[in-house]
Amino acid sequence: MTNLRTVYVYVALAVLLSGAAFYLGTGLHPAWWLMWIAPVPVLLVAPELSRKAGFAAGFLGWFLGSTNQWHFFHEGLQVPLPIIVLFSVLPALVFALDVLAYRAFLRAGSAWRAALTFPSIWVLFEFVTARVSIHSTFGNISYTQMNFLPVLQIASVTGIWGISFSVFLFAATVSVVLSGYGPTRERLLLAAIAGGVLVLLLVFGLWRLHLNPSAHSVKVGLVASDLPQNLITQEPSETARLLQAYASQAQNLAAQGAQAIVIPEKVAVVRDSDLPQIDPLLQSTADRSGAVIIVGVVHIASDAKWNEARIYRPSRPIQVYEKHHMLPPWESPLKPGTARTGWKEPSGVWGVTICKDMDFPQMGRDYGEDGAGLLLVPAWDFVGDGWLHGRMAILRGVESGFSVARAPKQGILAATDDRGRVLAEQVTGSGPFVSLLAVVPVHHDQTIYARFGDWFAWLNVGLCVFLIGGSWIGRVRQQGQPLGSASAGATSGD
């Protein structure tokens, strides 16, 4: 009884430690370093437990950590609590199964398979989620590392999948080495090789951060207002008032040297009949100031509604960009766009996207293939997710080689370079109108990820098939051993 109580204490402690580390290491304001060690307590106890207990420990460890965003989604976004719980349950189930796969290989004496299976299964899960979810990569653990710039640079080669793999590889390797399972020599060799790979990753990141290719720079102005009456106007008179105020802000920024000025997403609802008043106002401001002005509106035409960025270039025809990826249910009535919008400036190629489009790596890759050196992004956040959602956009620039200037309402104005370095940022709610002026390099870096896409994610798919499929085939071939028999070793333990 005493031994059983001791086991319960150790398991509860492991679950609480992993849960606390996941809670603080993920979410809207993650402590990046905790994510590297968060799985370790659960992984250490899992080989000593039955399958059911190991599954429960993994599930509870992740589930407890995932509660860090419940208040934001329930109170801030009004998402029903059962749906929030469901979004926590699915990744917790996958994490628990991942822990079981790690446990099985380690109990079978295969330290290498255990260490490699754990990150590859998780990358496979995140890859499938990004392919099928309307929210794409939201929730990916790579975004927890946005303040750890050296490891961020691997995204230029592997995409976000390399970051997730590295984080979980470290946790699995540490757990294997400390577990005592398998030959000591094999565990030490694993530690040396996996450690060497992670050191090389950091060396590459530091080298890439140190390497600053020469680039033209431009001054970019970002401006937003979080006043309730300025979030989104419906009536023509209110729209004229707000856009006149934004035009004055743009004129002031241009007087300080801004060559591009970004105004947030959906500042007004405009109809075709409103455009003869709106367009001349903003076009004349661009002509007088010599700056490109981008403003986000909901454009209602006779046949459709768009979430649109209208682009006013000095002495040039007006261009538009229509948002591709809508946020349900708020944007479900809006028609998605299908085209990119970019143009050549003396400093390089500039492009435009809107808010949620930057959650999708493919959008960044497309602009990378276009040779973009600067992406200008009107957006609208939800206050609490301002840091996280802004950082998701930054990672697109690291992946596909361009700077990002993003202007949200209820978020953080931010300008970053193609290494993910924050050049300037400002919270939007600190005044009636908040503006930011930043010098931003316009340089296109031809990254491996932009050219070859999700090759590393597919490599993890193959690795999972090889490791798990190979193990299954090996058990089937064992003479006289049914798959569920106790002599199968790695599958027993209940």
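Right, let's walk through the structure included here. Owing to the predicted nature of the structure, the values given are computational and were not obtained by experimental measurement. Note on numbering: residues in each chain are counted from 1, in written sequence order. At least 70 in pLDDT is required for a residue's local features to be given in this predicted model, at least 80 for side-chain atom pairs to be given and counted, and no such filter applies to totals for whole chains, interfaces and linings, which use all residues. Hydrogens are left out, water is left out, and the side-chain values use all remaining heavy atoms of the structure.

1. Focus on the packing of aromatic side chains
Okay, step 1: Stacked, edge-to-face and tilted labels apply to pairs of Phe, Tyr and Trp rings (six-membered ring for Trp) whose centres lie within 6.5 Å, assigned for plane angles under 30 degrees, over 60, and everything in between, in that order. Considering all chains together, one arrives at 26 aromatic pairs under this definition.
Okay, step 2: Ring plane angle 75° and centroid distance 5.6 Å describe the contact between Trp36 and Phe170, whose orientation is recorded as edge-to-face. Remark: Phe170 occurs in helix 10 (residues 160-179) and Trp36 occurs in helix 2 (residues 32-37); sequence separation between them is 134 residues.
Okay, step 3: Only protein chains enter the calculation, and the probe is 1.4 Å; a residue is then buried if its accessible area is under 20% of its type maximum, exposed if over 50%, and partly exposed in between. Looking at Phe170, the relative accessible area reads 29%, which means it is partly exposed.
Okay, step 4: Seen from their ring centres, Trp122 and Phe125 are 5.0 Å apart, and the 55° between their planes marks the pair as tilted. Of this pair, Trp122 and Phe125 both sit in helix 7 (residues 111-132), separated by three residues, roughly a single helical turn. Grouping residues by exposure puts Trp122 and Phe125 together as buried.
Okay, step 5: Through successive ring pairs, a cluster of aromatic residues spans Phe22, Trp62, Phe95, Tyr102, Phe118, Trp122, Phe125 and Phe168. A helix here means a DSSP run of H or I that spans at least four residues, while a strand means a run of E at least two residues long, and both kinds are numbered starting from the N terminus.

2. Here we look at unusual backbone geometry
Backbone phi values are negative for most residues with the exception of glycine, while trans is the configuration of most peptide bonds.
Okay, step 1: Omega for the peptide link from Pro328 to Pro329 comes to -5°, which places this bond in the cis form.
Okay, step 2: Inspection of the secondary structure puts Pro329 in the loop between strand 6 (319-322) and strand 7 (341-345).
Okay, step 3: Of note in the backbone geometry, Gln78 takes a positive phi value of approximately 60° without being a glycine.
Okay, step 4: Within the secondary structure, Gln78 sits in the loop between helix 5 (70-76) and helix 6 (81-107).
Okay, step 5: Its relative accessible area of 58% is what places Gln78 among the exposed residues.
Okay, step 6: The phi dihedral of Val383 falls on the positive side, at around 65°, and the residue is not glycine.
Okay, step 7: Relative to the assigned elements, Val383 resides in the loop between strand 9 (372-380) and helix 15 (386-400).
Okay, step 8: According to the relative accessible area criterion, Val383 is exposed, its value standing at 58%.

3. A closer look at the sheet that holds strand 8 (residues 348-352)
Okay, step 1: The strand order 7-8-9-10-11-12 describes an open sheet built from six strands, whose pairing is mixed. Edge positions in the open sheet fall to strand 7 and strand 12 (422-427), since each of these has one partner strand only. Within the sheet, the average angular offset between the axes of one strand and its neighbour, ignoring direction, is 15°.
Okay, step 2: When checking whether two residues touch, look at their non-hydrogen atoms; a contact exists if any pair is within 4.5 Å. Only the contacting stretch of a helix is used when fitting its axis, a line to C-alpha atoms as for every element, and angles between N-to-C directions run 0 to 180 degrees. Along the sheet, helix 14 (residues 361-369) contacts strand 7, strand 8 and strand 9; its crossing angle with strand 9, the most-contacted strand, is approximately 145°.
Okay, step 3: On the sheet, helix 15 packs against strand 10 (403-409), strand 11 (412-416) and strand 12 and is oriented at approximately 155° with respect to strand 10. Strand pairing is assigned whenever DSSP detects at least two bridges linking the two strands.

4. Here's the deal with the pairing of strand 9
Okay, step 1: Counted residue by residue, strand 9 has eight buried out of nine residues, so it is predominantly covered.
Okay, step 2: The pairing of strand 8 with strand 9 spans four bridges and is parallel. In the sheet register, Trp350 faces strand 9, and the bridge partner there is Leu374.
Okay, step 3: The parallel pair strand 8 and strand 9, bridged by helix 14, forms a crossover whose chirality is right-handed. If the strands point away from the viewer and the path from the first strand over the helix to the second runs clockwise, then the crossover is right-handed.

5. A word on helix 6
Okay, step 1: Each helix should span, by expectation, one fewer than its residue count multiplied by 1.5 Å. The end-to-end C-alpha separation of helix 6 is 38 Å, in line with the 39 Å expected for 27 residues at 1.5 Å each.
Okay, step 2: One or two positions beyond helix 6, positive phi appears at Gly109, with a value near 90°.

6. Overview of the pattern of salt bridges
Okay, step 1: Definition used for salt bridges: Asp or Glu carboxyl oxygen within 4 Å of a side-chain nitrogen of Lys or Arg. In this structure the tally under the stated criterion is 19 salt bridges.
Okay, step 2: With its nearest N and O atoms 2.8 Å apart, the salt bridge here joins Arg396 to Glu399. Taken together, the residues Arg396 and Glu399, both in helix 15 and three residues apart, mark about one turn of the helix. Each member of the pair, Arg396 as well as Glu399, is classed as buried.
Okay, step 3: A salt bridge links Arg421 to Asp417, with the nearest nitrogen and oxygen atoms 2.8 Å apart.
Okay, step 4: A single network of salt bridges, built from pairs that share partners, joins Arg208, Asp418, Arg419 and Asp445.

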